[in-house]
Amino acid sequence: MSLGTRLRRLRIERGLTQRELADPLYTHAYVSTIEAGRRQPSAAALDHFATKLDIAPSELLTGTPADLPARLEIRLQEARIAVSSGEMDTAEREFSRIRREAMAHNLNRLAARAEQGSALCAERRGKLEDALERYEHAEEMLRGEPPTARVDAVVGKARCFQFLGDTRYSTYLLESLIETLRREELTDPAAMLALHAPLVSIYYEGGLYKNAAEAAAQAMRLAPHVDEPFRLAVMSVNVARVFLQKGLVEEATGALRRAEDLFRQLTLKTELGRAHLALGFVEVREGNYERARAELESALAIARETNNGLDEAYALQELARVERLTGRVVEGRALIERAIELVGSDDDVTFAGACHRELGLCTVELEPAVAEKSLRSAIELFERSDSPGEVAVTYRMLGDLQASQGDHSGACESFRVGIMALEHSV
């Protein structure tokens, strides 16, 4: 819509004649020529007409209400909370409306963020291919913007590839953008933090503990310069894993408590549940089974409240581990079988492998044949996800099982292949 057309529409909406709009500084003929598109108003005239119409000069000039970006920002935050609460249909409709409205006013960054919100909805529904397509579309919408604007879309893509088991490409996406930002001297602390935090998790799950520690250290150096609670909370969850790997349990727990507080302040239920899950993970490794059970049951309740099947499976897997370690293998088996029902082998390949391995451990005493089948399934999944450390650990468990059943040659072969998996990863 041209400036002249917009001026005429607003004038009529407010019941003003051309003369009333023009008085006392201009003539009705001047207004007429502007509305007809034959003349552009001066800056002073633009201010005069905007005052008469009770709008900002920028809105008269562009058609975009001055407060629209702020209003869309608030709606984006509300839709993000809806995602975290499991209200996917509501969130998807709102993200779609925000995207259309932002695009109508050439607010490309807000439109891209709405598209990323739709991608997150698809991701939470387990539709990873759809999520990837939407994250890529968001990147395309930001073509021409500085690389820092693409950070969240790239992080989303990397997360999807990680779930699909392609950790190498996930790593490549994050490391490439970090290198681009450094090369172009666009090292915004918030953007760099957002990229380093997920790398901690990817390196850790791949057994690259030194790389994970370096990424965590870089993230923690950036943290004091970032005032975005969500990014800080995500970082805290990821660096906690490095603390735990180093035996720094108190530091790991502290990081997770900070994440818990931040997610609660942001009213993000799903993320709060994941903080409880991570705390339960720490307590299990420390042998504090009752405290672990309490954290994991909190995580399980939130996952069910938000209708998040994958997070429910995560909580069930850890609860199964608690039951097994406390001698309740039958109860543990029931929990892990439910987790396997919830998570498909294409949703999160590494986690699916962990579930099958846990089933093997829960059945090793009562049903060795089931245990062996489960461990072999776990190995196949870990190999798909390029997780040599997990492959080696599972082969060792398989070898122990075979040895206990008198299959010593099979056990030796399992131990040998497990060692080779580690050697090939070096």
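In this text the structure is predicted, and so the values were computed from the model without any measurement.

A.B. asks: What should I look at first to understand the side chain of arginine 11 in this one?
C.D. replies: With respect to the helices and strands, arginine 11 occurs in helix H1 (residues 3-13). Residue arginine 11 is classed as buried on the basis of its relative accessible area, which comes to 9%. When near neighbours in sequence (up to four residues on either side) are disregarded, arginine 11 contacts Leu16, Thr17, Gln18, Leu21, Glu35 and Leu53.

A.B. asks: What is the right way to look at the pattern of salt bridges in this model?
C.D. replies: If charged atoms from side chains of opposite charge come close, those side chains can pair. The full count for this structure, using the stated rule, is 45 salt bridges. The salt bridge involving arginine 71 is made with aspartate 67; its shortest N-O contact spans 3.2 Å. A relative accessible area of 40% means that aspartate 67 is categorised as partly exposed. Each member of the salt-bridge network shares a partner with another, and the members are Arg257, Glu260, Asp261, Arg264 and Glu295.

A.B. asks: Looking at this model, I keep getting lost on the environment of leucine 132. Mind explaining?
C.D. replies: When you line up the elements, leucine 132 lands in helix H9 (residues 128-141). Each C-alpha atom of the pair leucine 132 and threonine 64 lies 31 Å from the other, and the pair is 68 residues apart in sequence. In this structure, leucine 132 is in contact with Lys157, Cys160, Phe161 and Leu164, ignoring residues within four places of it in sequence.

A.B. asks: Which parts of the structure should I look at to understand unusual backbone geometry?
C.D. replies: Leaving glycine out, the prevailing phi sign among residues is negative, and the prevailing peptide bond configuration is trans. Following aspartate 23, the chain continues to proline 24 via a peptide bond in cis, the omega torsion being 0°. Mapped onto the secondary structure, proline 24 falls in the loop between helix H2 (18-22) and helix H3 (28-35). With a phi close to 55°, threonine 267 is a non-glycine residue in the positive phi region. Position of threonine 267 relative to the elements: it lies in the loop between helix H15 (249-265) and helix H16 (269-285).

The rules we used
- Residues numbered from 1 in each chain as written.
- Predicted model: local features only at pLDDT ≥ 70, side-chain atom pairs only at ≥ 80, totals over all residues.
- Heavy atoms only, no water.
- Helix = DSSP H or I, 4+ residues; strand = E, 2+ residues; numbered from the N terminus.
- Buried < 20%, exposed > 50% of the residue type's maximum accessible area, 1.4 Å probe, protein only.
- Contact = heavy atoms within 4.5 Å.
- Salt bridge = Lys/Arg side-chain N within 4 Å of Asp/Glu carboxyl O.

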